[in-house]
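Chain by chain, the residues run as shown.
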2 protein chains.
Amino acid sequence: VSEHIRVVCQQLDPQAGSGAANQRAATEAIREAVSRGGDLIVLPELATSGYAFVAAQEAADAALPADAELFEEWRAIIAPAGAVLVAGFPEPAGTGKPYNSALVMDPSGIRHLYRKTHLWDEEPRWFRPGDDEPVVIDTPAGKVGVLICYDLEFPEMIRTLALRRADVIVAPTNWPVSPRPETERPPEIGNVMAAARLNRVFLACCDRTGTDRHITFTGGSCVIDPDGWIVTERPGRDAGVLVADIDLRRARDKALNENNDVLADRRPELYAAVTRRS
Amino acid sequence: VSEHIRVVCQQLDPQAGSGAANQRAATEAIREAVSRGGDLIVLPELATSGYAFVAAQEAADAALPADAELFEEWRAIIAPAGAVLVAGFPEPAGTGKPYNSALVMDPSGIRHLYRKTHLWDEEPRWFRPGDDEPVVIDTPAGKVGVLICYDLEFPEMIRTLALRRADVIVAPTNWPVSPRPETERPPEIGNVMAAARLNRVFLACCDRTGTDRHITFTGGSCVIDPDGWIVTERPGRDAGVLVADIDLRRARDKALNENNDVLADRRPELYAAVTRRS
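These lines cover the structure that appears in this document, whether it is placed above or below. (Residues numbered from 1 in each chain as written. Chains lettered and ligands numbered in written order. Predicted model: local features only at pLDDT ≥ 70, side-chain atom pairs only at ≥ 80, totals over all residues. Heavy atoms only, no water.)

If you rotate chain B by 180 degrees and push it 0.0 Å along the axis, it lands on chain A with an RMSD of 0.0 Å. Each copy turns onto its partner about a two-fold axis. (Least-squares fit on C-alpha atoms with pLDDT ≥ 70 in both.)

And the structure:
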């Protein structure tokens, strides 16, 4: 594993009800990301299905099992390059509603399925929440943790992945546009900047863009370094590709100076309230 | 208790080794804050002593017990106005090193002493860390929680105060200048903006300014609203007063929309890693 890796986020514009077109666009985006030299390729949340469902059946119909032919097609694209892919899609959850999931795939196949644990707005109408703590996967592109969109708003989730020594927290997102002062960044980006800095970890957020039925999205894809600064935040509101070259070793040094370390300085004996029901 | 309160932060420039002058300046600053109509008056960390100690004895010599005459003088200034004061000072801790403390005082006297639990850089050479979880004090200026400077870098501490229903987290700080891209705010401010938003709570940070021996400070005082936006961030790098009028009720509504609530949406059963030793 080289410590110098290239992250490529593909900020797509999938549309609910257009599964076949979304899948073609996602596959094409992965192919392009490989051609751009991506070691760690990220697609948005629900890249294959779009977001703005209006009936539970739509989400169920769009669900793709882990052994779907599409994913084998993706594996065949990333394998020759030795790349790692993180991409969001609806995943069947046995009976009933699917999960809002993201796969972590390397040349050997699917290594992990993360199922979004904090559901946003109407999502409980279409999705079942995941019930597993976030974990870190040792991949050819470093130690990778996955969160999906609203999960990022819970500092406990990011902290858990940092404590498990993630180099990069990869987050497929679908950030709806929210009001903000004209001079400010989208608040979601301010949040991940702070999270990266407080945990000295890389954050790679692949957002979506465009309008899907009644919802318009931020197009806020960004890669943040362990000091909390933005490495790359192109392409802004447009669909397109974001490329960021990062040195994973920066996330393995948690020191702030000779005397402070963001993880070693924690005092977990004082944090018990965080694990109680409010 | 009115829900509309005026926060006044006094960004001072105390100097280590000049206790009498620091105390006079702090007392004058409290008097001015009262004349500005402050309901909640905040002074920086270690306002009476300065920060840049070079020997343990300096901190011990600067320590002030809770029954110090100075504090009775302060109480007499805030009492006619019914104001609440939060101010940082070194507090004797029995034998040995003092605490880096902040008092919460209302017209009845000192209501609480918070002792900094996460010590920065050389502070363990001069200070003993506090061992108590942060608590919320019900004051005439709302439900107030206190953290000191580096404590803010631990999201668990802010979360604990939000779960305990703080309206305002008041933070005396001494933020040393740190490198940042020219177009960015001090990273400490980005952090408290995110923290305010993720917990839907007010943050009132009273920083210090100037150069104290070998350390130059940020002058980053700011009051942040529960959406994570800055209410006021004057006076910038200069010493001086910051005034922010806030409606505490905004911090009591944790809803983001009809379906989401920053505290109710938490899943503490997934956060156990946060309370384990790393």
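A few words on the packing of aromatic side chains. All names here are of chain A. Going through the model one piece at a time under the given rule, you end up with 12 aromatic pairs over all chains. A centroid spacing of 4.8 Å and a plane angle of 65 degrees characterise the contact between F71 and F89, whose relative ring orientation is edge-to-face. With F71 in helix α3 (residues 69-78) and F89 in strand β3 (residues 84-91), this pair connects stretches of sequence that are 18 residues apart. Among the residues examined, F89 registers a relative accessible area of 0% and is labelled buried. Cluster of aromatic residues (ring-pair linked, three or more members): F71, W74 and F89. (Phe/Tyr/Trp six-rings, centres within 6.5 Å; stacked < 30°, edge-to-face > 60°. Helix = DSSP H or I, 4+ residues; strand = E, 2+ residues; numbered from the N terminus. Buried < 20%, exposed > 50% of the residue type's maximum accessible area, 1.4 Å probe, protein only.)

Looking now at the interface of chain B and chain A. Taken together, the 56 residues of chain B in the interface contact 56 residues of chain A. Carbon and sulfur atoms make up 52% of the surface buried where chain B meets chain A, a total of about 5,100 Å² over both sides. Joining chain B to chain A, the criterion identifies 12 salt bridges. Its salt-bridge partner being A:E156, residue B:R159 comes within 2.7 Å of it at the nearest N-O pair. Between chain B and chain A we count 27 residue pairs in polar contact (both at pLDDT 80 or more) in total. Looking at the side of chain B that touches chain A, the elements with two or more residues in it are α5 (155-163) and α6 (187-199) of chain B. For the side of chain B that touches chain A, the leading source of residues is α6(B), giving eight residues. Grouping the amino acids of the side of chain B that touches chain A by side-chain chemistry returns 24 nonpolar, 11 polar and 21 charged. (Contact = heavy atoms within 4.5 Å. Buried area = accessible area lost by both parts, 1.4 Å probe. Salt bridge = Lys/Arg side-chain N within 4 Å of Asp/Glu carboxyl O. Polar contact = N/O pair within 3.5 Å; in protein donor to acceptor, adjacent residues only side chain to side chain. Nonpolar A, V, L, I, M, F, W, Y, C, P; charged D, E, K, R; others polar.)

All names here are of chain B. Pairing is mixed across the open sheet formed by six strands, whose spatial order is β6-β7-β8-β9-β12-β13. The sheet is open, and its two borders are formed by β6 (136-139) and β13 (230-232), each paired with just one other strand. Within the sheet, the average angular offset between the axes of one strand and its neighbour, ignoring direction, is 30 degrees. Bridge analysis of strand β7 (residues 142-146) against strand β8 (residues 168-172) gives three bridges, and the strand direction is parallel. Each residue of the ladder has a partner; that of V146, found in β8, is V170. In the packing of α6 onto the sheet, contacts are made with β9 (202-206), β12 (222-224) and β13, and the angle to β12 comes to roughly 25 degrees. (Pairing = 2+ DSSP bridges. Axes fitted to C-alpha atoms, helices over the stretch in contact; angles between N-to-C directions.)

Scope: geometric values only; no functional claims are made or implied.
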